Amino acid sequence: MFLDTDGATLYYEVRGTGPLLLVSQSGEGDAGRSADLVGRLTDRYTVVTYDRRGLSRSTCAASGRSVTMEQHADDAYRLLAELTDEPALILGCSMGAAIGLHLAVAHPGRLRTLVAHDPVSPSLLPAGPRAGHAAELARLQEVYRQGGLRAALPEIARVLGIDPARQETEPDLTPMPFTPERAANFGFFIARDFTAVIEAELDTKALRTSPVRIVPAGGATTAPHAFVGQCAHRLARLAGREVVTFPGGHNGNTTHPRAYAARLREVLA
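Residues numbered from 1 in each chain as written. Predicted model: local features only at pLDDT ≥ 70, side-chain atom pairs only at ≥ 80, totals over all residues. Heavy atoms only, no water.

**Student:** Go over the overall build of the protein chain, please, and point to the residues and values.
**Tutor:** Tallying secondary structure elements over the protein chain gives nine helices and nine strands in all. Computed over the C-alpha atoms, the radius of gyration of the protein chain is 17 Å, within 12% of the 18 Å expected from 2.2 N^0.38 for a compact globule of 269 residues. In terms of its C-alpha atoms, the protein chain occupies a principal-axis envelope of roughly 45 × 40 × 40 Å. A total of 269 residues make up the protein chain; the buried ones form 54% of that total. Across the protein chain, every contact between residues at least 6 apart in sequence was considered, and the portion connecting residues at least 24 apart equals 78%. As displayed, the protein chain has an accessible area near 11,300 Å², and 52% of this comes from carbon and sulfur atoms. (Helix = DSSP H or I, 4+ residues; strand = E, 2+ residues; numbered from the N terminus. Rg over C-alpha atoms; globule rule 2.2 N^0.38 Å. Buried < 20%, exposed > 50% of the residue type's maximum accessible area, 1.4 Å probe, protein only. Contact = heavy atoms within 4.5 Å. Areas by Shrake-Rupley, 256 points an atom, 1.4 Å probe, with all protein chains shown as cover.)

**Student:** Give me the lowdown on helix 4 (residues 127–159), citing residues and values where you can.
**Tutor:** If you check helix 4, its first and last C-alpha atoms are just 18 Å apart, much less than what 33 residues at 1.5 Å a residue would give, namely 48 Å. The largest bend along helix 4 reaches roughly 140 degrees and is located at Gly148. On its buried face, helix 4 sits against helix 5 (180–199) and helix 7 (227–239). Directly after helix 4, the chain includes Gly161, whose backbone phi takes a positive value near 70 degrees. (Expected span 1.5 Å × (residues − 1). Bend = angle between axes of the 7 residues up to and from the residue.)

**Student:** Tell me about the side chain of Thr84, and please be specific about residues and values.
**Tutor:** As for its placement among the helices and strands, Thr84 is situated in the loop between helix 2 (69–83) and strand 6 (88–93). Note on Thr84: relative accessible area 15%, which makes it buried. The contacts of Thr84, once residues within four sequence positions are left out, are Leu20 and Arg110.

**Student:** I'd like to hear about the pairing of strand 7 (residues 111–117), residue by residue, with values.
**Tutor:** Counted residue by residue, strand 7 has six buried out of seven residues, so it is predominantly covered. You can see the chain leave strand 6, run along helix 3 (residues 95–106) and come back into strand 7, and the turn it takes is right-handed. In this structure, strand 7 lies alongside strand 8 (residues 213–219), joined through five bridges in parallel fashion. Residue pairing in the sheet places His117 in a bridge with Ala217 of strand 8. (Right-handed = clockwise from strand over helix to strand, strands pointing away. Pairing = 2+ DSSP bridges.)

**Student:** Tell me about the packing of aromatic side chains, residues and numbers included.
**Tutor:** Enumeration according to the criterion identifies four aromatic pairs in this entry. Considering the side-chain rings of Phe246 and Tyr260, the 4.7 Å spacing of their centres and the 45 degrees angle between planes classify their relative orientation as tilted. With a gap of 14 residues between them, Phe246 in strand 9 (residues 244–246) and Tyr260 in helix 9 (residues 257–268) connect regions that are remote in the sequence. You'll find Phe246 and Tyr260 in the same group, each marked buried. Sitting over the face of the ring of Tyr45, Arg44 holds its NZ or CZ atom 5.0 Å from the ring centroid. (Phe/Tyr/Trp six-rings, centres within 6.5 Å; stacked < 30°, edge-to-face > 60°. Lys NZ or Arg CZ within 6 Å of the ring centre and 35° of its normal.)

**Student:** Hey, could you go over the nonpolar core for me, with residue numbers and the actual values?
**Tutor:** Counting 53 residues, the largest nonpolar core has Leu22, Tyr50, Leu80, Leu101, Leu124, Leu207 and Phe227 as the members making the most contacts within it. Ignoring any residue separated from it by four or fewer positions in sequence, one finds Leu80 in contact with Leu20, Leu22, Ala88, Ile90, Leu103, Arg110 and Leu111. (Core = buried A, V, L, I, M, F, W, Y, C linked by side-chain atoms within 4.5 Å.)

**Student:** With reference to specific residues and values, describe the environment of Thr179.
**Tutor:** Its place among the elements puts Thr179 in the loop between helix 4 and helix 5. Along the chain, Thr179 and Thr169 lie ten residues apart, while their C-alpha atoms are 20 Å from each other.

**Student:** Any chance you could break down the environment of Arg182 for me, citing the residues and the numbers?
**Tutor:** Relative to the assigned elements, Arg182 resides in helix 5. Separated by 153 residues in sequence, Arg182 and Gly29 place their C-alpha atoms 8.1 Å apart. Those residues within four positions of Arg182 in sequence are excluded, and the remaining contacts are Glu28, Arg33, Met176 and Pro177. Within polar-contact distance, the side chain of Arg182 engages the backbone oxygen of Met176 at 2.9 Å. (Polar contact = N/O pair within 3.5 Å; in protein donor to acceptor, adjacent residues only side chain to side chain.)

**Student:** Let's hear about the packing of helix 4 against helix 5: which residues, and what values?
**Tutor:** For the pair helix 4 and helix 5, the least separation of the axes is 10 Å and the interaxial angle reads 165 degrees. Here helix 4 lies roughly antiparallel to helix 5, going by the angle between them. Here the hand of the crossing between helix 4 and helix 5 comes out left-handed. Contacts from Arg130, Ala134, Leu137, Ala138, Leu140, Gln141, Tyr144, Leu149, Ala152, Leu153 and Ile156 in helix 4 reach Ala183, Phe186, Gly187, Ile190, Ala191, Phe194, Thr195, Val197 and Ile198 in helix 5. Class assignment of the residues belonging to the contact of helix 4 with helix 5 gives a composition of 16 nonpolar, three polar and one charged. (Axes fitted to C-alpha atoms, helices over the stretch in contact; angles between N-to-C directions. Parallel < 35°, antiparallel > 145°, perpendicular 65-115°, else oblique. Left-handed = near helix turned anticlockwise from the far one by under 90°. Nonpolar A, V, L, I, M, F, W, Y, C, P; charged D, E, K, R; others polar.)

**Student:** Before we move on, could you go through the side chain of Ser58 and cite the residues and values that matter?
**Tutor:** Topologically, Ser58 is positioned in the loop between strand 4 (46–50) and strand 5 (59–60). A distance of 2.8 Å separates a polar atom in the side chain of Ser58 from the backbone nitrogen of Tyr11. A distance of 2.6 Å separates a polar atom in the side chain of Ser58 from the backbone oxygen of Asp51. Apart from residues lying up to four places away in sequence, Ser58 is in contact with Thr9, Leu10, Tyr11, Asp51, Arg52 and Arg53.

Following this line, the structure appears as structure tokens:
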């Protein structure tokens, strides 16, 4: 299914029955990224996944310009408004968690609970760390421009605290081959969404007083010094909560879908 928003057309999928749960994906992830996780949630929730603007089947009208986090949050808001009159649940992973935080500030009435896993949100941090991590993301864009994905992906893993030596997975997962479409999505993510992350201004005062139940989350094997770990712990202080540990690492929703789904059910309950 498709939905026209402001400057984009979004592709989305709806599965299951029960309270609406929007899964806002990480990185280059499109509506199919969390297929194994979604399949373990549809007996309890109406699960919505979508392609962010510019990825896979979704379009982005401003082809030569960067998108903004406000646009991404507005896309999510319009999608929720299309599908339900009730406050929704959101699982946001990485970039998706950052989108969820902006949505919690701009449209708090649309959300009941936001599980924010490893949010990629430099604006959560104090000035010094924020500037350092923003510069790190900008350097990654230059690495991609100079050397392509082969050079950029190992550096992205390092920045996100992903240790290849600890990337064990559950058995029998749906194959996720590195297709030309995924490569194109990665290119859009690095070249344009990174800029949205760097330039985003998150109103932390509004976030602190938001009526949305915000659950900061982190992967069990995400490196503790990683930028996203710092963001999760900063969010926990703002929300007055502890960071909830989820199975796997930064991409636990895809590497450990069974255990991740079980943990998510606990948290949402």
